[in-house]
Amino acid sequence: SKGAQPGSSKIVKLEKAVGYLVKTTGRTWLGPAGGNWIELDPVFHKAGWVLIEGPGFGKVGPLLEEVLPNEPAAFVMRFSSPYNDDEIH
């Protein structure tokens, strides 16, 4: 369901490892710059909103993927670059 604008305009950038799971309330919000946000479940996380997809953080594509009940667990494949030691997801 669509939610009202979050009460704070403070944005904190946190990066989590690929595959990190977050629990949400299901409430979404379309930000002023066009970003699609979802509310974190305060029972499991500090109250706040996380960006699903949108401008402003230099990332392309969705940042979160929905996991449905009874869906097989996702897996993360990791590859190493042949040109340097950087890990590619």
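A short tour of the structure in this document, coming up. Values in this document were obtained by computation on a predicted structure and should not be read as measured data. (Residues numbered from 1 in each chain as written. Predicted model: local features only at pLDDT ≥ 70, side-chain atom pairs only at ≥ 80, totals over all residues. Heavy atoms only, no water.)

**Side note on unusual backbone geometry**
We note that N70 has phi near 65°; this positive angle belongs to a residue other than glycine. For N70, the location among the structural elements is in the loop between β3 (49–53) and β4 (79–80). Among the residues examined, N70 registers a relative accessible area of 85% and is labelled exposed. (Helix = DSSP H or I, 4+ residues; strand = E, 2+ residues; numbered from the N terminus. Buried < 20%, exposed > 50% of the residue type's maximum accessible area, 1.4 Å probe, protein only.)

**Describing a nonpolar patch on the surface**
Side chains of F75, M77 and F79 sit close together on the surface and give an oily, nonpolar patch of about 370 Å² of accessible area. Checked against the element boundaries, M77 lands in the loop between β3 and β4. (Patch = residues over 30% accessible without salt bridge, like charges linked within 9 Å, V, L, I, M, F, W, Y side chains within 5 Å. Areas by Shrake-Rupley, 256 points an atom, 1.4 Å probe, with all protein chains shown as cover. Salt bridge = Lys/Arg side-chain N within 4 Å of Asp/Glu carboxyl O.)

**A short note on the pairing of strand β1 (residues 24–30)**
For β1 and strand β2 (residues 36–40), the ladder comprises four bridges, and the chain directions are antiparallel. For L30, the partnering residue across the bridge sits in β2 and is N36. Between β1 and β2, which pair antiparallel and follow one another directly, the connecting turn spans five residues, one of which, G34, has a positive phi of 95°. (Pairing = 2+ DSSP bridges.)

**Digging into the pattern of salt bridges**
Evaluation of the coordinates by the stated rule reveals one salt bridge. Taking the shortest distance from any N to any O, the salt bridge between R27 and E39 comes out at 3.4 Å. Of the two residues, R27 sits in strand β1 while E39 sits in strand β2, which places them 12 residues apart along the sequence. When its relative accessible area of 17% is taken as the criterion, E39 is described as buried.

**Points about the side chain of E39**
One polar contact links E39 to T25, side chain to side chain, over a distance of 2.8 Å. Dropping the residues within four chain positions of it, E39 is found in contact with T24, T25, G26, R27, G48 and W49. (Polar contact = N/O pair within 3.5 Å; in protein donor to acceptor, adjacent residues only side chain to side chain. Contact = heavy atoms within 4.5 Å.)

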